[in-house]
Amino acid sequence: MNLLRIRIHHLIEQLGDEELEKGWNALHDLHCDFYMLNAIQQVKQSQQPWDILTREEAIQVLMFF
C-alpha cells in the first residue's frame, strides 16, 4: 500500500493545475457513483416483494398527501 501511495503522489506532482482539476472532477464523480451503487444494493437486499406498490396503489397513497 505504501508503494502505491508513493506512486500516486509522484503522478499527482507531474500533473498541471488544469489536468489535476479534471482528474479531481472525474474521481469525485466516480466516488459519488460508487456511493449511490452501494446505497441501491443495500436497498435491494432489504426490499421485500410486498414492499412494491402497483401504479394504482401508489396514486392512492400520493392522493392522501
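The preceding data block contains the structure.
Residues numbered from 1 in each chain as written. Predicted model: local features only at pLDDT ≥ 70, side-chain atom pairs only at ≥ 80, totals over all residues. Heavy atoms only, no water.

Draft legend 1. Region of interest: the overall build of the protein. Check the secondary structure of the protein and you find three helices and zero strands. For the protein, the N- to C-terminal ordering of α and β elements is α-α-α. Its C-alpha atoms give the protein a radius of gyration of 22 Å, clearly above 11 Å, the size a compact globule of 65 residues would have. C-alpha atoms of the protein, sized along the principal axes, occupy 60 × 25 × 15 Å. Counting over 65 residues, the protein shows a buried share of 0%. Counting every atom, the protein has about 6,800 Å² of accessible surface; 63% of that belongs to carbon and sulfur. Here the protein holds 5 positive side-chain charges and 10 negative ones, and the gap between their average locations is 6 Å. (Helix = DSSP H or I, 4+ residues; strand = E, 2+ residues; numbered from the N terminus. Rg over C-alpha atoms; globule rule 2.2 N^0.38 Å. Buried < 20%, exposed > 50% of the residue type's maximum accessible area, 1.4 Å probe, protein only. Areas by Shrake-Rupley, 256 points an atom, 1.4 Å probe, with all protein chains shown as cover. Lys, Arg positive; Asp, Glu negative; His and termini not counted. Charge placed at Lys NZ, Arg CZ, Asp CG, Glu CD.)

Draft legend 2. Seen up close, a nonpolar patch on the surface. Together, Met1, Leu4, Ile8, Ile12, Leu15 and Leu20 line one region of the surface with nonpolar side chains, adding up to about 550 Å² of accessible area. Of all the elements, helix α1 (residues 2-14) adds the most residues to the nonpolar patch, at three residues. Along the chain, Met1 turns up in the segment before α1. Given the relative accessible area of 74%, Met1 is considered exposed. (Patch = residues over 30% accessible without salt bridge, like charges linked within 9 Å, V, L, I, M, F, W, Y side chains within 5 Å. Salt bridge = Lys/Arg side-chain N within 4 Å of Asp/Glu carboxyl O.)

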